[in-house]
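Observations on the three-dimensional arrangement
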Amino acid sequence: MTERTGAAGRHVPVLRDRIVELLAPALSRPLPDGERPVYVDGTLGMGGHAEAVLTACPEARLVGIDRDTEAIRLAAERLAPFGDRVTLVHARYDEIGEVLADVLADRAADRPDDRAAAGATPGVQAILLDLGVSSLQLDELDRGFAYRVDAPLDMRMDATTGPTAADVLNTYDAAELTRVLRTYGEERFAARIAKAVVRERERAPFTTSARLVELLRDAIPAASQRTGGHPGKRTFQALRIEVNAELASLEVAVPAAVDALAVGGRLAVLSYHSLEDRLVKQALAAGATSTAPPGLPVELPEHRPFLRLVTRGGEEPTEAEVAENSRAASARLRVAERTRPSGPLAERHPAGPRRPDRPHRAPSANRTPAASRRTSSTHPKGTR
Ligand SMILES: C[S@@+](CC[C@H](N)C(=O)[O-])C[C@H]1O[C@@H](n2cnc3c(N)ncnc32)[C@H](O)[C@@H]1O
């Protein structure tokens, strides 16, 4: 395990300055009744982006969300200088609606003039989702995200709940494993690997990563290993996405985040692989497109787009940034601005208002129940 040093020392946030540049206008417009703009960081991590936004936008207050309790602890240290501008919540980003209702209600109790007290939850001005795994999680070898060292096959971002990568390997049947490896890892040899896993676990269940890596070295043809990078790369990515139900969470989170935006508010999403980016691109494009049926002479207000795309396509980091931080190489940034109110999107989502409940074998295990959600501030409650 790496030493748990100060968060600020070990992380360079991807596209930090560009994200600040794109979110700052939404956090700098004057609000009615002297209200302070709210920035929601749905993937707080070590607080790098949050620190940059709070520094650039001195009026803004932060609601920081992360499903990883260790990230919350380290970010709280880093953001302590911002005092009562910071509220941190242990939750998943797809729970943004519930989190904001709780946090704004807390604030309403402290400040009876808050609009939330009157039953109207004010929308927020900016939201960032910086998806995927953090350097903190990769560096903490005992959490099992890294394939280059032998470690327990865990890979849960929220280590307090849910099945581990070992549970997936030891319980999914060959067809389910093949689907996971093919879909989330884009692994060409998914079926062959899945068969080998099922055969190998008969001898003894999988517990640590070295045995899995050894199996992958045997199952993937040598020629592909010479060209396709480390044999563990795609399988580990697939297991991580499955264990954390990452795509299901994102599918719910994007419409929920758009719902949470005030008019003029901006949502920024930074994704690291094509499955995530495609999902974000489609959700934002749908909001930026008129739903008027073809042939209608006049576009009715409810058919008008409720989003404006601020970035053109997915913005990429510069070569200089990638040279300094190789993790930035696959990053794509998409930003959209809310242009008008609309009915709740999360409920109109094609899949309905469902919860991200995969892995299949533990339908509700991955959820952070409201009762166990932990809100903390960098200041004692009541001093705001
Ligand atoms: C790439 S890191 C974010 C780094 C952060 N922007 C910074 O500057 O330090 C992603 C973080 O998102 C968290 N995360 C991933 N999926 C999540 C989810 N569904 N809900 C909440 N947090 C999530 C991870 O635990 C991790 O800490």
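Not measured: the values here are computed from a predicted model.

About the criteria used
- In every chain, residue numbers begin from 1 and rise along the written sequence.
- In keeping with the model being predicted, local features are shown solely for residues with a pLDDT of at least 70 and side-chain atom pairs are shown and tallied solely at 80 or more, while totals for entire chains, interfaces and linings include all residues.
- Helix and strand definitions follow DSSP, with helices as H or I runs of at least four residues and strands as E runs of at least two, each counted in order from the N terminus.
- With C-beta atoms placed from the backbone, a residue is labelled by how many other C-beta atoms lie within 10 Å of its own: buried for 20 or more, exposed for 12 or fewer, partly exposed between the two.
- Note on contacts: residues are paired as contacts if their backbone-placed C-beta atoms lie within 7 Å.
- In this analysis, the expected span of each helix is defined as 1.5 Å times one less than the number of residues it contains.
- Fitting one axis to the seven residues ending at a residue and another to the seven starting there, the bend at that residue is the angle between the two axes.
- Should the C-beta atom of a residue, placed from the backbone, lie within 6 Å of a molecule or strand, that residue is near it.
- Note on residue classes: Ala, Val, Leu, Ile, Met, Phe, Trp, Tyr, Cys and Pro are nonpolar, Asp, Glu, Lys and Arg are charged, and everything else, Gly too, is polar.
- In plain words, the nonpolar core is the set of buried Ala, Val, Leu, Ile, Met, Phe, Trp, Tyr and Cys residues that C-beta atoms within 7 Å link up.
- Each domain span listed reflects an automatic or database assignment of domains.
- UniProt positions are given in the numbering used here, feature names are shortened, and annotations may be inferred rather than shown by experiment.
- The convention used is that axes are lines fitted to C-alpha atoms, helices contributing only their stretch in contact, and that angles between N-to-C directions extend from 0 to 180 degrees.
- Should an angle lie under 35 degrees it is considered roughly parallel, over 145 roughly antiparallel, and from 65 to 115 roughly perpendicular; all remaining angles are considered oblique.
- DSSP calls a pair of strands paired once it identifies at least 2 bridges connecting them.
- The path from the first strand over the helix to the second decides the hand: if it runs clockwise while the strands point away from the viewer, the crossover is right-handed.
- Regarding the arc, it is the one traced by the directions from the helix axis to the C-beta atoms.

**Some thoughts on the overall build of the chain**
What the chain contains, in helices and strands, is 15 helices and 8 strands. Across the 384 residues that make up the chain, the buried fraction comes to 45%. A separation threshold of at least 6 residues defines the contact pool for the chain, and within that pool the share at least 24 residues apart is 71%.

**Some thoughts on helix H12 (residues 246-260)**
For H12, spanning 15 residues, the distance from its first C-alpha to its last is 20 Å, which sits close to the expected 21 Å at 1.5 Å a residue. In H12, a bend of some 25 degrees at Ala253 exceeds every other bend along the element, and Pro255, a proline, comes one to four places later. Of all 15 residues in H12, 15 are buried; the element is thus mostly enclosed.

**Here we look at the site of the ligand**
Among the 20 residues in the neighbourhood of the ligand, the closest are listed as Thr43, Gly45, Gly48, Asp68 and Ser134. Going through the elements one at a time, helix H2 (48-56) and strand S2 (61-66) are the ones with two or more residues in the shell around the ligand. When the residues that make up the shell around the ligand are grouped by side-chain class, the tally is 6 nonpolar, 9 polar and 5 charged.

**As for unusual backbone geometry**
The residue Leu15 is not glycine, and still its phi comes out positive at about 50 degrees. Among the secondary structure elements, Leu15 is positioned in the segment before helix H1 (16-28). For Leu15, a count of 23 C-beta atoms within 10 Å translates into the label buried. The backbone of Met155 sits at a positive phi, close to 70 degrees, despite the residue not being glycine. Note on placement: Met155 falls in the loop between helix H5 (135-139) and helix H6 (165-171).

**As for the nonpolar core**
The nonpolar side chains of a soluble globular protein tend to be buried, and buried together. Grouped together as the largest cluster of nonpolar side chains are 98 residues, with contacts concentrated most on Leu23, Ile96, Ile127, Ala257 and Ala268. Of all the elements, H12 adds the most residues to this core, at 10 residues. Looking at this core, you find at least three residues from each of domain 1 (7-135 + 247-377) and domain 2 (159-243). If sequence neighbours within four positions are ignored, Ile127 has contacts with Val40, Gly42, Ala257, Ala260, Leu261 and Leu267.

**Quick look at the UniProt feature "binding site: S-adenosyl-L-methionine" (unreviewed entry) in the chain**
Feature annotation in UniProt assigns "binding site: S-adenosyl-L-methionine" (unreviewed entry) to the following positions: Gly47, Gly48, His49, Asp66, Tyr93, Asp130 and Gln137. With 28 C-beta atoms packed within 10 Å, Gly47 lands in the buried category. Here Asp66 lies in strand S2. Judged by C-beta crowding, with 27 C-beta atoms within 10 Å, Asp66 ranks as buried. Other than its neighbours up to four places away in sequence, Asp66 contacts Thr43, Leu44, Gly45, Ala71, Ile72 and His90.

**Topic: the packing of helix H7 (residues 174-185) against helix H11 (residues 233-243)**
Two elements in contact, H7 and H11, have axes separated by 8 Å at closest approach and are oriented at 100 degrees. With respect to each other, H7 and H11 are oriented roughly perpendicular. Here Val180, Leu181, Tyr184 and Gly185 of H7 come into contact with H11, specifically with Arg234, Thr235, Gln237, Ala238, Ile241 and Glu242. Across the contact of H7 with H11, the residue classes break down as 5 nonpolar, 3 polar and 2 charged.

**Side note on the environment of Arg334**
Tracing the backbone shows Arg334 in strand S7 (residues 332-338). Spatially, the C-alpha atoms of Arg334 and Ser271 are 8.5 Å apart, while their sequence positions differ by 63 residues. Beyond its immediate sequence surroundings of up to four residues, Arg334 is in contact with Val269, Val280, Lys281, Leu284, Thr311 and Gly314.

**So, the pairing of strand S1 (residues 38-41)**
Going residue by residue along S1, you find Val38 and Val40 tucked away on one face and Tyr39 and Asp41 tucked away on the opposite face as well. Summarising the sheet, S1 and S2 pair through 4 bridges and their orientation is parallel. Each residue of the ladder has a partner; that of Tyr39, found in S2, is Leu62. For the handedness criterion, the β-α-β arrangement of S1, H2 and S2 is classed as right-handed.

**Quick look at the environment of Glu200**
Here Glu200 is to be found in helix H8 (residues 190-203). Sequence-wise, Glu200 and Leu215 are 15 residues apart; in three dimensions their C-alpha atoms are separated by 8.3 Å.

**Considerations on helix H13 (residues 274-287)**
Taking 1.5 Å as the rise per residue, H13 with 14 residues should run 20 Å; its terminal C-alpha atoms sit 20 Å apart, in good agreement. When H13 is considered as a whole, its buried residues turn out to be Glu276, Asp277, Val280, Ala283, Leu284 and Gly287. All buried residues of H13 project into a common sector of 135 degrees when viewed along the axis, lining one side. On its buried face, H13 is in contact with H12, strand S5 (261-271), strand S6 (307-309) and S7.

**Comments concerning the pairing of S5**
Regular strands place side chains that alternate from one sheet face to the opposite one. Among the 11 residues in S5, 8 count as buried, and that is most of the element. One ladder, built from 6 bridges, connects strand S4 (residues 124-130) with S5; its direction is parallel. Opposite Asp130, over in S5, you have Leu270 as the bridge partner. The sheet contact formed by S5 and S7 spans 6 bridges and is antiparallel. Looking at the pairing, Ser271 lines up with Arg332 of S7.

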